[in-house]
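This is what each chain is made of:
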Amino acid sequence: MSELRPVPTTDREACQRMLQYAFAPETGPVTPDPDSDWPPSLFDQRGLYDGDGLRAVCKLYYLDTTVRGEAATVGGLGAVATPPEHRRKGYAADLCRHALHEYREADVGFVTLWPFSTPFYRRLGWSTANTYRRFDLPPSALPDHDTAGQMVRLDADDWERLRQVESASAAGTALSLRRSEAWWRERTLADWDDDGVPYCYGYERNGDLRGYVVYTVADDADRTLSATQFAAADEEARRELFAFLGTHGAQIERVTLQLPPDADLLHRVDDPGAVDCTVEPGPMVRLTDISHLERLDWPDGGLDCTLSVSDPLLDRNDGLFELSVSGGTATVDPRPASDSAADVSIDIATLSQLAVGTHGVDAAERVAGLEIRDDSVRDPLATVFQSEPVYLGEFF
């Protein structure tokens with residue numbers, strides 16, 4: 001019987017070798033750094049053990065964010081790795097099952113991850129939470145703008161000011177991060193992925209920070225500036241940040257920007273034909289327990305329906321449930337399988353998208369796994385499960 005346990009110091013090297021092989025095999029069998037911090041501070045390192053044998057590893061993050069307009073702690077499952085000699089034996093699925101159980105025991109209702117394979121995690125009940133847009137353009141294509149403020153260089157000691165802008169920029173957006181001091185210092189503004197220490201510049205007006213951009217500059221022939229974090233509390237700051245990136249024409253050939261799915265950069269430039277824009281799948285999300293719907297704030301409206309839910313990983317979410325919503329509060333009650341036919345058939349992946357706001361009912365029925373069997377519940381469902389902006393943009 002496999003079990004998920006904290007990775008002890010004695011297994012640190014085996015854990016790090018496993019991660020290295022999974023995510024950086026081109027480096028070869030290099031001995032991990034014995035002086036690295038253990039245990040890590042930003043996440044909990046977990047290992048799946050079969051007896052005394054380490055079979056797979058992962059990282060459990062606890063992310064401060066929002067869901068349905070309220071502050072929430074969301075799980076972040078990262079760096080899931082199984083060495084090749086133990087693959088195709090179900091260990092990755094076992095690890096995910098155990099991780100979801102640990103999150104549930106910690107009262108965490110949603111778990112996100114950045115997938116190495118969307119179909120693989122879809123089969124385990126995860127679904128895409130949001131997309132993002134990647135823009136690639138010459139700096140000369142970015143519009144200029146005159147403002148009353150100034151651009152200033154920032155670093156990790158400015159993390160509280162940066163977080164205020166982060167919160168203002170992401171207001172009303174589900175799964176948007178509220179980074180801790182440790183996250184700013186050790187992840188966002190650190191060379192944690194060997195791409196170099198990023199630059200951070202902010203737009204300041206009358207001493208008030210209103211926007212920031214975090215980026216690296218590649219040491220290659222293309223001389224690419226890659227902006228991974230871009231946040232603005234108002235339109236003036238947004239325009240100045242774009243103009244600031246455009247001033248780098250003497251140093252770089254290309255600018256790449258990762259922005260939310262509703263980004264309107266193509267409408268801001270004079271020559272949209274000079275811009276390459278791609279829509280990319282972002283992180284995935286899933287519920288740990290259907291009963292977590294009871295903890296969310298819902299729109300006013302009445303709903304009483306029976307859900308037939310399928311969950312490929314967790315038996316507790318697989319079956320028939322009565323869902324009632326009244327006065328903004330939900331109740332979820334299991335029903336015997338012998339009860340009458342369900343009003344709605346849905347898989348846990350699609351239910352997770354509805355719960356977090358990725359899809360409304362129409363979209364979930366059109367492109368995901370929602371089947372409405374009793375048309376009388378369609379409008380009440382649509383009133384409760386309204387879509388809203390969702391954007392988790394930082395990789396972990």
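About the cut-offs
- Residues numbered from 1 in each chain as written.
- Predicted model: local features only at pLDDT ≥ 70, side-chain atom pairs only at ≥ 80, totals over all residues.
- Heavy atoms only, no water.
- Pairing = 2+ DSSP bridges.
- Helix = DSSP H or I, 4+ residues; strand = E, 2+ residues; numbered from the N terminus.
- Phe/Tyr/Trp six-rings, centres within 6.5 Å; stacked < 30°, edge-to-face > 60°.
- Buried < 20%, exposed > 50% of the residue type's maximum accessible area, 1.4 Å probe, protein only.
- Lys NZ or Arg CZ within 6 Å of the ring centre and 35° of its normal.
- Patch = residues over 30% accessible without salt bridge, like charges linked within 9 Å, V, L, I, M, F, W, Y side chains within 5 Å.
- Areas by Shrake-Rupley, 256 points an atom, 1.4 Å probe, with all protein chains shown as cover.
- Salt bridge = Lys/Arg side-chain N within 4 Å of Asp/Glu carboxyl O.
- Lys, Arg positive; Asp, Glu negative; His and termini not counted.
- Charge placed at Lys NZ, Arg CZ, Asp CG, Glu CD.
- Arc of directions from axis to C-beta.
- Contact = heavy atoms within 4.5 Å.

Participant: When you look at the sheet that holds strand β14 (residues 284–287) in this model, what are you seeing that I'm missing?
Facilitator: One key point about sheets: their strands pair by backbone hydrogen bonds, in either a parallel or an antiparallel sense. As summarised here, the arrangement of the seven strands in space is β1-β2-β3-β4-β5-β14-β6, forming an open sheet in which the pairing is mixed. The two strands at the open ends of the sheet, each matched to only one other strand, are β1 (2–6) and β6 (127–128). Relative to strand β3 (residues 53–67), strand β2 (residues 44–50) runs antiparallel, the two sharing seven bridges. Along β3, the bridge assignment pairs Leu 48 with Ala 56.

Participant: Which parts of the structure should I look at to understand the packing of aromatic side chains?
Facilitator: To describe a pair of aromatic rings, one takes the distance between the centres and the angle between the planes. Scanning the model with the defined rule gives 18 aromatic pairs in all. Relative to Phe 395, the ring of Trp 192 has its centre 6.4 Å away and its plane inclined at 15 degrees; by these criteria the two rings are stacked. Placement of Trp 192 in the loop between α5 (181–188) and β9 (199–205) and of Phe 395 in the segment after α10 (378–384) is noted, with a sequence separation of 203 residues between them. Here Trp 192 falls in the partly exposed class, since its relative accessible area comes to 36%. Connected via pairs of aromatic rings, a cluster forms that spans Phe 43, Tyr 61, Trp 183 and Phe 396. Taking NZ or CZ as reference, Arg 179 lies 5.1 Å from the ring centre of Trp 184, over its face. One cation-aromatic arrangement involves Arg 187 over Trp 183; the distance from NZ or CZ to the ring centre is 5.1 Å.

Participant: What am I meant to see in a negative patch on the surface here?
Facilitator: A surface patch of like charges, here negative, comprises Asp 191, Asp 193, Asp 194 and Asp 195. Examined against the element boundaries, Asp 194 turns out to sit in the loop between α5 and β9.

Participant: Which parts of the structure should I look at to understand α5?
Facilitator: Side chains that are three or four residues apart share a direction in an α-helix, a result of its 3.6 residues per turn. By the burial criterion, the buried members of α5 are Trp 183, Trp 184, Arg 187 and Thr 188. Taken around the axis of α5, the buried residues stretch over an arc of 110 degrees, which confines them to a single face. Check the buried side of α5 and you find it contacts β3, α4 (159–169), β10 (208–217) and β11 (224–232).

Participant: Would you mind showing me how to read the environment of Leu 259 here?
Facilitator: Tracing the backbone through its elements, the reader meets Leu 259 in strand β12 (residues 254–259). Residue Leu 259 is classed as buried on the basis of its relative accessible area of 4%. Sequence separation between Leu 259 and Tyr 391 is 132 residues, and the spatial gap between their C-alpha atoms is 9.3 Å.

Participant: For this particular structure, what's the right way to read the pattern of salt bridges?
Facilitator: Close approach of charged atoms allows side chains with opposite charge to pair. Taken as a whole, this structure holds 29 salt bridges when the rule is applied. Residue Arg 238 is joined to Glu 235 by a salt bridge in which the shortest nitrogen-to-oxygen separation is 3.0 Å. Taken together, the positions of Arg 238 and Glu 235, both in helix α6 (residues 235–246) and three residues apart, correspond to about one turn of that helix. For Arg 238, a relative accessible area of 25% corresponds to the partly exposed category. Between Asp 375 and Arg 378 there is a salt bridge, and its shortest N-O distance comes to 2.7 Å. Using a relative accessible area of 52% as the deciding quantity, one classes Asp 375 as exposed.

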